[in-house]
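Analysis of the macromolecular model
Spelled out, the chains give:
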Amino acid sequence: MQGTPLVGRALWGRLLRNRSFVIGAVLVFVMVAVALAADWLTPFDPLKSNVRARLAAPSAAHWFGTDHFGRDILSRVMIGARISLAIGAFTVVLAGIAGTLCGAIAGYFYHLDQPIMRIMDALMAFPSIVLAMVVSAVLGASLTNVVIALAIATTPHTARIVRASVLIEKEQEYIAAARSIGVGEWTILFKHVLRNVAGPLIVRLTYVFAIAVLAEAALSFVGAGPPPPAASFGSIIAQGRDFMREAPWITVFPGLAIIACVLGLNLLGDGLRDVLDPRLKF
Amino acid sequence: MGHFLIRRLAGAFLVLVLVSLMSFALIWLVPGDPAAAFLDASATPEQVAKLRSALGLDLSLPQQMFGWYGRILSGDLGQSILLNRSVTAALIERLPVTLSLAALALAFAVFFGVAAGIVAAVNHNRWPDQAVMTTALLGLSVPDFWLGLVMVLVFAVSLGWLPSGGFTPFMESPGQWLRGMVLPALTLGLVQVGFIARMARASMLDTLSQDYVRTADAKGLAKLHVVLRHALPNAMIPILTVIGIVSGALLGGAVIVEQVFSIPGIGRLIVGAIASRDFPVLQGGLLFLAVVYLAINLVVDILYAVVDPRVRLA
């Protein structure tokens, strides 16, 4: 971070003047609000089939149409948002903790740098979506295992970003000052250094959220996602695939919902990056 | 150059050892007995024991590990339980399909990504720049498999221009092969166009602000000539590394896109193994893709050092 870290009202002022941040924040807020209030907002029971309304096209009654069981797609997408966003949020927490720990320790303790970062390099050599797919398949499909798989795939890059910031931060004079008055290394790392790498970390985790929502959909699509009856965005698309010709709406609408979520998160990340971490701007 | 090569190869070797160790360890993530997980509940204890011994799970951990390293050093990734054939043979048979899909997508993504990046950089902060950046961000937010399904709906089902899926080997009919590969490669490439466009723009902006470009401008050379002949060659150097980064995403993306278009590549092999829990294929497939990725990045890094002396001297 260059100059004095932004805090409080100054930070908010800068964020609210950033167009990417505002549009992204609104999109994400709407999606999260829909996901949280899905129980009250859904016009129909997302799991209840209705044979008379099978494969109905979008109409005033069913805005997004219905699937082959006559289930309302809008209601399913709303509940799907809850599952997809929950997976994304838990992945952010897990990858955030693991990535921060690995990156901070590697960056701060010289002798641990090589061992930790070589393991991260090895994890990054696997195409991340395939790594997540195989780990999820090996662990057995469940919500928890999907989160673990996605966290394993997103931790290495997070660790790299934290490490890079820690390497810069630990050379600062205030760290030498803290050390000279006898503050312990772990205290310095967790109380002083990490506080100052928060900017790049928050930006990275916003992108991790976006990556997790996309990856979960891909995982569900190939059958390595959370098992039914959990209807995430990806599993609704996967079910709609067999009816692409006669009922494309089953596939199209959840896809648009994914785009809205991921675009919102990416915009939010870009806005945060511009304000919190100007070095990374390109 | 020799020193750079040795250092780079040693680094790649260490990562390779770790990557294979991780692939080996995958089987230990299976909750319970992997042999029982593959067979259904009606399997007799004898059948489970037989499969355990076929997978080498009845040996001690060090024996299993030495066995694994011994086998992969001779190129043997084990036997697929489901297909009852060598995993290495199945992967090598499908490698050209996946690689050609990824290569076609890469060509497409680099061409359009670099072009868009140049347009954005030359029109810095004006509307074409904003249009490219907005489209790029949108591209980064679209799930590839969904885009593939929508492409099928539009170009195969509605317009009937291209086949909705299937695969014709190149040797059989290059024309049919290309017709079948256009939609999958577009799907896979489009998602990366945004990423490459962003990098190309940044790299081009950096180069355009250099003194030698200003000199060329001041000499009165045509703007197009300055951009394409003077700035682009130097701006392309950082874009070379992007190819290394993107190759991982393309290999992973190919695995998913192959499902949409029923292309018999490595992805279909791996996804087929997920449903049946064919662990040797999952382990071997993951390791194989990592090796391909490491090889591509090694080549990219060496090329980078060849074209930019600053890298090998650092």
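Parameters at a glance
Residues numbered from 1 in each chain as written. Chains lettered and ligands numbered in written order. Predicted model: local features only at pLDDT ≥ 70, side-chain atom pairs only at ≥ 80, totals over all residues. Helix = DSSP H or I, 4+ residues; strand = E, 2+ residues; numbered from the N terminus. Buried ≥ 20, exposed ≤ 12 C-beta atoms within 10 Å, placed from the backbone. Contact = placed C-beta atoms within 7 Å. Expected span 1.5 Å × (residues − 1). Bend = angle between axes of the 7 residues up to and from the residue. Axes fitted to C-alpha atoms, helices over the stretch in contact; angles between N-to-C directions. Parallel < 35°, antiparallel > 145°, perpendicular 65-115°, else oblique. Left-handed = near helix turned anticlockwise from the far one by under 90°. Nonpolar A, V, L, I, M, F, W, Y, C, P; charged D, E, K, R; others polar.

Turning next to the overall build of chain A. Regarding its fold elements, chain A presents twelve helices and zero strands. Among the 282 residues that make up chain A, the fraction classed as buried is 53%. Across chain A, contacts joining residues at least 24 apart in sequence account for 70% of those joining residues at least 6 apart.

The next point concerns helix α8 (residues 174-208) of chain B. With 35 residues, α8(B) should reach 51 Å at 1.5 Å per residue; the first-to-last C-alpha distance of 41 Å falls well below that figure. B:M181 marks where α8(B) bends most, by close to 40°; the proline B:P184 follows one to four residues later.

Right, let's talk about helix α10 (residues 198-221) of chain A for a bit. Residues and elements named next belong to chain A. The end-to-end C-alpha distance of α10 is 34 Å, a good match for the 34 Å that 24 residues give at a rise of 1.5 Å each. With respect to burial, α10 is a largely interior element, 22 of its 24 residues being buried. Following α10 by one or two positions, G223 has its phi on the positive side, about 85°.

A few words now on the packing of helix α6 (residues 128-139) of chain A against α10(A). All names here are of chain A. Look at α6 against α10: their axes get within 10 Å of each other, and the N-to-C directions meet at 55°. In terms of orientation, α6 and α10 fall into the oblique class. For the pair α6 and α10, the sense of crossing is right-handed. Contact residues: I129, A132, M133 and S136 in α6; A215, A218 and L219 in α10. Residue composition of the contact of α6 with α10, grouped by class: six nonpolar, one polar and no charged.

This next bit is on the interface of chain B and chain A. The partner chain A presents 40 residues to the 41 residues of chain B that form the contact. Those elements that place two or more of their residues in the side of chain B that touches chain A are α1 (2-25), α6 (127-140), α7 (144-158), α8, α10 (223-260), α11 (266-276) and α12 (279-307) of chain B. Per-element accounting of the side of chain B that touches chain A gives the leading share, seven residues, to α7(B). A class-by-class count of the residues in the side of chain B that touches chain A yields 35 nonpolar, four polar and two charged.

Turning our attention to the packing of helix α12 (residues 249-276) of chain A against α6(B). Two numbers describe how α12(A) lies on α6(B): the axes approach to 9 Å, and their chain directions differ by 125°. The orientation of α12(A) relative to α6(B) falls into the category oblique. Handedness of the crossing formed by α12(A) with α6(B): right-handed. For the pair α12(A) and α6(B), the contacting residues are A:L263, A:N266 and A:L267 in the first and B:L137, B:L138 and B:L140 in the second.

All names here are of chain B. Its identity as a non-glycine residue notwithstanding, S262 has a phi of 50°, on the positive side. Tracing the backbone through its elements, the reader meets S262 in the loop between α10 and α11. By the C-beta count within 10 Å, which is 14 here, S262 ends up partly exposed. Not every positive phi belongs to a glycine, and R277 is a case in point at roughly 55°. Of note, R277 is situated in the loop between α11 and α12.

Purely spatial values, then, with no claim about function.
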